[in-house]
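Chain residues, written in single-letter form:
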Amino acid sequence: MTLRLPAEADDWAQAWRDRINDRDAFAEAAADFDATFLFEIQADDVYDGDPIRFLVTIGDGVCTDAHLVDGDADYEFALRGPYEAWAAMLQGDLDVSESVMNGTFDVTGNTMTLLRRQDAVAEMVGAAKGVDTEFEY
C-alpha cells in the first residue's frame, strides 16, 4: 500500500518500523544498541508546511516504536533536512552519507557512537526506502 507524505506521516512511521524490524541485518547491526532518533523533514522551496518529525526508538536490535511527534521530544540523535532532499533520498536518488558531509542533512548526537553504529543507521535508512511512498509535493 502506497503511503503519502506528509498526509499519512503517522501511518508511514508505522510502516517504517515494520520494515526496520523485517531486516535481519538491522537486528545484527543494532544488537546491544539502545537509542532514540529524531528524523525531521523540514520545509523548503517544494514543501512549505510544518516540519514532519518522526521519533524512532530502538533497543537491542529491534525498533520498539516509530511515530510522528509535534512538539519537543527527548532523543539522542537527530537527522534533519529539507523535504526535497528527503524525497530524493527515499527514492534512492541521494546518498545520505554524502548529504551529511555536504551539509544537505544536519546530524546531531554523539558522532563517535554514530560512526560505530553506522551500519544500524544505514539499515534504518534502507528500511525507509522500502516503504512505498508517494510524495505530495
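Note: the structure precedes this text.
The present account deals with the structure reproduced in this document. The residue numbering used here restarts from 1 in each chain and proceeds along that chain's sequence as written. pLDDT decides what is reported in this predicted model: residues at 70 or higher carry local features, side-chain atom pairs at 80 or more are listed and counted, and totals for whole chains, interfaces and linings draw on all residues regardless. The basis for every side-chain value is the complete set of non-hydrogen atoms in the structure, without hydrogens or water.

1. Comments concerning the overall build of the chain
Moving on, step 1. Each helix is a run of H or I in the DSSP string that is no shorter than four residues. Each strand is a run of E no shorter than two, and both are numbered from the N terminus. Looking only at helices and strands, the chain has six helices and seven strands in total.
Moving on, step 2. For this measure, only C-alpha atoms enter the radius of gyration; the expected value for a globule follows 2.2 Å times N^0.38, where N is the number of residues. A compact globule built from 137 residues would reach a C-alpha radius of gyration of about 14 Å, and the chain, at 14 Å, matches this within 12%.
Moving on, step 3. If one aligns the C-alpha atoms of the chain with their principal axes, the spans along those axes are about 40 × 35 × 30 Å.
Moving on, step 4. Residue burial is assigned from relative accessible area. The probe radius is 1.4 Å, only protein chains are included, and a residue is buried under 20% of its type maximum, exposed over 50%, and partly exposed in between. When each of the 137 residues of the chain is scored for burial, the buried share is 45%.
Moving on, step 5. Put simply, 70% of the contacts in the chain that link residues at least 6 apart link residues at least 24 apart.
Moving on, step 6. Within the structure as shown, the chain displays about 7,200 Å² of accessible surface, and the carbon and sulfur contribution to it stands at 43%.
Moving on, step 7. As used throughout, the charge tally considers Lys and Arg to be positive and Asp and Glu to be negative, leaving His and the chain termini uncounted. For the purpose of locating charges, the reference atoms are NZ of Lys, CZ of Arg, CG of Asp and CD of Glu. Across the chain, the centroid of the 9 positively charged side chains sits 4 Å from that of the 30 negatively charged ones. In this analysis, two residues are considered to be in contact whenever any of their non-hydrogen atoms come within 4.5 Å of each other. Per-residue accessibility takes into account occlusion by the displayed protein chains alone, with areas from the Shrake-Rupley method and a 1.4 Å probe.

2. Here's the deal with the pairing of strand β2 (residues 34-42)
Moving on, step 1. Counting buried positions along β2 gives seven out of nine residues, so the element sits mostly inside the fold.
Moving on, step 2. At least two bridges found by DSSP between two strands are what make those strands a pair. Pairing between β2 and strand β3 (residues 52-59): eight bridges, direction antiparallel. Directly across from Ile-41, in β3, lies its bridge partner Ile-52.
Moving on, step 3. Judged from the six bridges that link them, β2 and strand β5 (residues 77-82) form a sheet pairing that is parallel. From the neighbouring strand, Phe-39 faces β5, where its bridge partner is Leu-79.

3. With respect to the pairing of β3
Moving on, step 1. By the criterion of burial, β3 is predominantly enclosed, with seven of the eight residues buried.
Moving on, step 2. Once β3 ends, the chain turns through two residues before running back antiparallel as strand β4 (residues 62-69), passing Asp-60 with a positive phi of about 50°.

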